[in-house]
Amino acid sequence: WVNATFSHTADPVTGRQVTVGTLRDVTAERYVVQRQTALASLNERLVQADTLDDAVQGAADVLCRVWDARRVRAVARLR
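Model, not experiment: these values are computed from the prediction.

Description of the overall build of the chain
Step number 1: Along the chain, the regular secondary structure elements total two helices and two strands.
Step number 2: Its C-alpha radius of gyration of 23 Å places the chain more than 25% over the 12 Å reference for a compact globule of 79 residues.
Step number 3: By principal-axis analysis of the C-alpha atoms, the chain measures approximately 80 × 25 × 15 Å.
Step number 4: A buried classification covers 13% of the 79 residues belonging to the chain.
Step number 5: The contacts of the chain with a sequence gap of at least 6 include a subset with a gap of at least 24, amounting to 18%.

Quick look at unusual backbone geometry
Leaving glycine out, the prevailing phi sign among residues is negative, and the prevailing peptide bond configuration is trans.
Step number 1: Of note, Asp 68 is a non-glycine position whose phi angle comes to about 55°, a positive value.
Step number 2: One can find Asp 68 in the segment after helix H2 (52-67).

Description of the pattern of salt bridges
Where charged atoms from two side chains of opposite charge come close, those side chains can pair.
Step number 1: Scanning the entire structure with this criterion turns up two salt bridges.
Step number 2: Glu 29 serves as the salt-bridge partner of Arg 24, at 3.1 Å between the closest nitrogen and oxygen.
Step number 3: Salt-bridge contacts for Asp 61 lead to Arg 45; the nearest nitrogen and oxygen are separated by 3.0 Å. Of the two residues, Asp 61 is situated in helix H2 and Arg 45 in helix H1 (residues 27-48); the sequence distance between them amounts to 16 residues.
Step number 4: Since its relative accessible area comes to 29%, Arg 45 is described here as partly exposed.

Topic: the packing of H1 against H2
Step number 1: Packing of H1 against H2 leaves a shortest axis separation of 8 Å and a crossing angle of 160°. The angle between H1 and H2 falls in the class roughly antiparallel. As for the relative orientation of H1 and H2, their crossing is right-handed in sense. Contacts between H1 and H2 involve Ala 38, Ser 41, Leu 42, Arg 45 and Leu 46 from the first element and Ala 55, Gln 57, Gly 58, Ala 59, Asp 61, Val 62, Arg 65 and Val 66 from the second.
Step number 2: Residues belonging to the contact of H1 with H2 are distributed by class as follows: seven nonpolar, three polar and three charged.

Here we look at the pairing of strand E2 (residues 17-25)
Step number 1: Note that strand E1 (residues 2-10) and E2 share nine bridges and pair antiparallel. Note on E2: the bridge partner recorded for Thr 9 is Val 18.
Step number 2: Where E1 folds back on E2, the antiparallel hairpin that results is connected by six residues, among which Gly 15 adopts a positive phi of roughly 80°.

Remarks on the environment of Cys 64
Step number 1: Within the secondary structure layout, Cys 64 lies in helix H2.
Step number 2: The exposure class assigned to Cys 64 is buried, which follows from its relative accessible area of 19%.
Step number 3: Along the backbone, Cys 64 and Asn 43 are 21 residues apart, and their C-alpha atoms lie at a distance of 15 Å.
Step number 4: Setting aside anything within four residues of it in sequence, one finds Cys 64 in contact with Ala 69, Arg 70, Arg 71 and Val 72.

Analysis parameters
- Residues numbered from 1 in each chain as written.
- Predicted model: local features only at pLDDT ≥ 70, side-chain atom pairs only at ≥ 80, totals over all residues.
- Heavy atoms only, no water.
- Helix = DSSP H or I, 4+ residues; strand = E, 2+ residues; numbered from the N terminus.
- Rg over C-alpha atoms; globule rule 2.2 N^0.38 Å.
- Buried < 20%, exposed > 50% of the residue type's maximum accessible area, 1.4 Å probe, protein only.
- Contact = heavy atoms within 4.5 Å.
- Salt bridge = Lys/Arg side-chain N within 4 Å of Asp/Glu carboxyl O.
- Axes fitted to C-alpha atoms, helices over the stretch in contact; angles between N-to-C directions.
- Parallel < 35°, antiparallel > 145°, perpendicular 65-115°, else oblique.
- Left-handed = near helix turned anticlockwise from the far one by under 90°.
- Nonpolar A, V, L, I, M, F, W, Y, C, P; charged D, E, K, R; others polar.
- Pairing = 2+ DSSP bridges.

Given below as structure tokens:
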């Protein structure tokens, strides 16, 4: 992921108008936002769960969406 910024300015030597661009890698920032959003969604689903099955189902739903997966398998085992 890249953030691009462009601006117009005058060349100090020739006086001609030029375009100056800056490219910045924003991959790390994007992944931080994705992670925080996923954690917030997971937390919300877990808070709403009334049973262990609800919690596991909610977590699987969130992970499926975050991972863009067609299917997530989850198992809850009680002792």
